[in-house]
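# Fold and geometry: a report
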Amino acid sequence: MPALRVAELFAGVGGFRLGLEQAGGYQVVYSNQWEPGRRKQHASAIYVQRFGADHHDNRDIASVPVEEVPDHDVLVGGFPCQDYSVASTLRNARGLVGRKGVLWWQIHRLLRDHPHPPAHLVLENVDRLLSSPAGQRGRDLAVMLSSLWGLGYAVEWRVINAADYGMPQRRRRMFLVGHRIERMSGMTAELLQDHGVLAGAFPFAVKRQGPSIQLEADLRKLSDRFNRDGRRSPFGNAGVMVNGLVLTRDVSPVHTGPATTLGDILQPEKDVPAAFRIPRGELKRWRYLKGAKREARKVSRNGFAYHYSEGAMAFPDPLDKPGRTVVTGEGGKAPSRFKHVVSVDGKRFRRLTPIELERLNMFPDDHTAGSPDTWRAFFMGNALVVGIVERIGRALTVFHDHGER
Ligand SMILES: C[S@@+](CC[C@H](N)C(=O)[O-])C[C@H]1O[C@@H](n2cnc3c(N)ncnc32)[C@H](O)[C@@H]1O
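Thresholds, definitions, all that
- Residues numbered from 1 in each chain as written.
- Predicted model: local features only at pLDDT ≥ 70, side-chain atom pairs only at ≥ 80, totals over all residues.
- Heavy atoms only, no water.
- Phe/Tyr/Trp six-rings, centres within 6.5 Å; stacked < 30°, edge-to-face > 60°.
- Helix = DSSP H or I, 4+ residues; strand = E, 2+ residues; numbered from the N terminus.
- Buried < 20%, exposed > 50% of the residue type's maximum accessible area, 1.4 Å probe, protein only.
- Near = heavy atom within 4 Å.
- Polar contact = N/O pair within 3.5 Å; in protein donor to acceptor, adjacent residues only side chain to side chain.
- Areas by Shrake-Rupley, 256 points an atom, 1.4 Å probe, with all protein chains shown as cover.
- 1 Å grid on protein atoms, 1.4 Å probe; cavity = no way out; pocket = protein on both sides within 12 Å on 5 of 7 lines; lining within 4 Å.
- Points joined across faces, edges and corners; volume = space filled by probe spheres on them.
- Nonpolar A, V, L, I, M, F, W, Y, C, P; charged D, E, K, R; others polar.
- Core = buried A, V, L, I, M, F, W, Y, C linked by side-chain atoms within 4.5 Å.
- Domains from an automatic or database assignment.
- Contact = heavy atoms within 4.5 Å.
- pLDDT = per-residue confidence, 0-100.
- Pairing = 2+ DSSP bridges.
- Arc of directions from axis to C-beta.
- Buried area = accessible area lost by both parts, 1.4 Å probe.

### Focus on the packing of aromatic side chains
Per the counting criterion, the structure on display carries 9 aromatic pairs. Summarising the aromatic geometry, the rings of Phe79 and Trp104 are spaced 5.9 Å apart at their centres and angled 45° between planes, so their arrangement reads as tilted. Of this pair, Phe79 sits in the loop between strand S4 (74–78) and helix H3 (88–91) while Trp104 sits in helix H4 (residues 104–113), placing them 25 residues apart in sequence. Accessibility classification places Phe79 together with Trp104 in one group, the buried group.

### Topic: the site of the ligand
In the vicinity of the ligand there are 18 residues, among which Gly15, Gln33, Trp34, Glu35 and Asp60 approach most closely. Here Val13 contributes a backbone N or O atom positioned 2.9 Å from an oxygen atom of the ligand. Contact between the ligand and Glu35: an oxygen atom at 2.5 Å from a side-chain N or O atom of the residue. Relative to its unbound accessible area of 600 Å², the ligand is 94% covered by the protein chains.

### Some words on the layout of surface pockets
Its volume calculated, the second largest pocket comes out at about 220 Å³. Met187, His195, Val398, Phe399 and His402 are the residues nearest the centre of the second largest pocket, which is lined by 14 residues in total. For the lining of the second largest pocket, the secondary-structure elements that each account for two or more residues are helix H6 (189–195), helix H7 (197–201) and helix H13 (386–404). With 5 residues, the top contributor of residues to the lining of the second largest pocket is H13. Residues belonging to the lining of the second largest pocket are distributed by class as follows: 7 nonpolar, 6 polar and 1 charged.

### A look at the nonpolar core
Core analysis: the largest hydrophobic core is formed by 58 residues, its most contacted members being Tyr26, Val74, Val122, Phe202, Met380, Ile388 and Ile392. Broken down by element, this core gets its largest block of residues, 7 residues, from H13. Among the domains, domain 1 (4–255 + 389–404) and domain 2 (262–382) are the pair contributing at least three residues each to this core. Residues in contact with Val122, not counting those within four places in the same chain, are Phe16, Val74, Leu75, Val76, Gly77, Leu176, Val177, Ile392 and Leu396.

### Some thoughts on unusual backbone geometry
Omega for the bond connecting Ser132 with Pro133 falls within 30 degrees of zero, at -5°, which places this linkage in the cis form. With omega at -5°, the peptide bond leading from Phe315 into Pro316 counts as cis. Mapped onto the fold, Pro316 is located in the loop between strand S12 (305–310) and helix H11 (354–360). Not every positive phi belongs to a glycine, and Phe10 is a case in point at roughly 50°. With respect to the helices and strands, the residue Phe10 is situated in the loop between strand S1 (4–9) and helix H1 (15–23).

### With respect to the confidence of the model for the protein chain
When pLDDT is averaged along the protein chain, the result is 92, and 94% of the positions lie at 70 or above. Every residue in residues 92–101 scores below 50 in pLDDT, and together they form 12 contacts with partners more than four places removed in sequence or on other chains.

### A look at the environment of Arg173
Relative to the elements of secondary structure, Arg173 occurs in strand S7 (residues 172–180). Residues in contact with Arg173, not counting those within four places in the same chain, are Glu124, Asn125, Val126, Arg158, Val159, Ile160 and Thr325.

### Some words on the pairing of strand S5 (residues 120–126)
Summarising burial for S5: 7 of the 7 residues are buried, a large majority. By the bridge criterion, 5 bridges tie S4 to S5 in an arrangement that is parallel. Counted as the bridge partner of Val74 is His120 from S5. Direction of pairing for S5 relative to S7: antiparallel, over a ladder of 7 bridges. Within S7, the position partnered with Val122 by the bridge is Val177.

### Quick look at helix H10 (residues 283–290)
Those residues of H10 that sit buried are Leu283, Trp286, Leu289 and Lys290. In an axial view of H10, the angular spread of the buried residues amounts to 130°, which keeps them on one side of the axis. Each element contacted by the buried residues of H10 is listed here: strand S11 (293–298) and S12.

### Digging into the domain arrangement of the protein chain
Here the protein chain is partitioned into domain 1 (4–255 + 389–404) and domain 2 (262–382). Of note, the centres of domain 1 and domain 2, computed from C-alpha atoms alone, are 30 Å apart. Contacts between the two partners involve 18 residues from domain 1 and, on the opposite side, 25 residues from domain 2. Interface area for domain 1 against domain 2, summed over the two sides, is near 1800 Å², with a carbon-plus-sulfur share of 58%. Considering only the surface of domain 1 that becomes buried against domain 2, His42, Pro168 and Arg170 emerge as the three largest contributors, covering 34% of it. Breaking the side of domain 1 that touches domain 2 down by element, the ones donating at least two residues are H1 and helix H2 (42–51). No other element matches H2, which puts 6 residues into the side of domain 1 that touches domain 2. Its residues assigned to classes, the side of domain 1 that touches domain 2 shows 8 nonpolar, 4 polar and 6 charged.

### Points about helix H12 (residues 373–382)
Buried residues of H12: Trp375, Arg376, Ala377, Phe379, Met380 and Gly381, and no others. Elements in contact with the buried residues of H12: H2 and H11.

Structure (structure tokens):
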């Protein structure tokens, strides 16, 4: 079979590309990465450094004419999730409620207007998408699913925690895989649930069967009416949509192989630069930030008094478990509740190096070398666990070949 041609949107430093290349059978024919509001385009520069400048596009995706995106079989991308509300962009023609959020409609535009829309899509986002927005839980996903139906796609989705499948990071993300309906060769929603790409890639057991939902095709009406009175999202952590019919359920992971722990990915202490060590005098502050709190606080602006409480985080991070989620603020010396802190001897404490953060995402060592350390951490906070994409990539080539026959 010829390689499947890939367009990688919101490419960051290329996590999707790495995963698909490891799976084999893919060729990236277009990649797009642009960091809004930055003169220096660090992520795009790293991408070019690693993969070459051919077919790479460092422009705002919203400004790219669809004819400039070459024909491709698979469109992939982890689209930015900050602040989004997909449906509000429908009501508000300018769609600027949370500027990054409207990027879903850029994916939509490419699928809608491309002369040869791709056979498949693989998208990644945070699992909050299942239940957003707060006042109308699940509406945003419903709008996405219905709009993909309108564009001629069937969809599978699943929330996957990489650590549940033996990978080194507890990173829970939602993956959405789409197939053009004419390639489904009669596969129903029931069959797709058990024999789709995600079902093949990530073994599971069914925990709870959810409702089946027939979506409205009219996006405005759907957006206005969906789950108006519901407190909970009707969507489980797994589901499919075929011809507007959604089947959803909660599944739990089944993994019999080994686990990878934070301890497994650490560099030898002799290779860790001194800058990552936490000076003794700062440990108190780190302990305080990581610790449980119940305290009275005041808003300095207006003196408003309130009670603040939060639970304790493990300090240092346990070496016999997978790492926690890498966040974009993981880099830099300043003490923080969310940064990993490790200690191999129980006496000296340190932060994680850029290489260790790359390993938590299963990137090659020094993939992001050449950028300042805080940027390298930022890239890894934005990126994904490459092993997840590799598994999806393998299952997708099988699914695709089956559709070809
Ligand atoms: C969640 S990250 C995806 C990271 C990627 N999967 C990786 O492995 O590095 C989203 C990316 O979209 C980029 N982005 C945001 N707005 C964009 C736009 N308007 N056009 C193109 N890229 C954009 C961000 O700079 C960021 O790198």
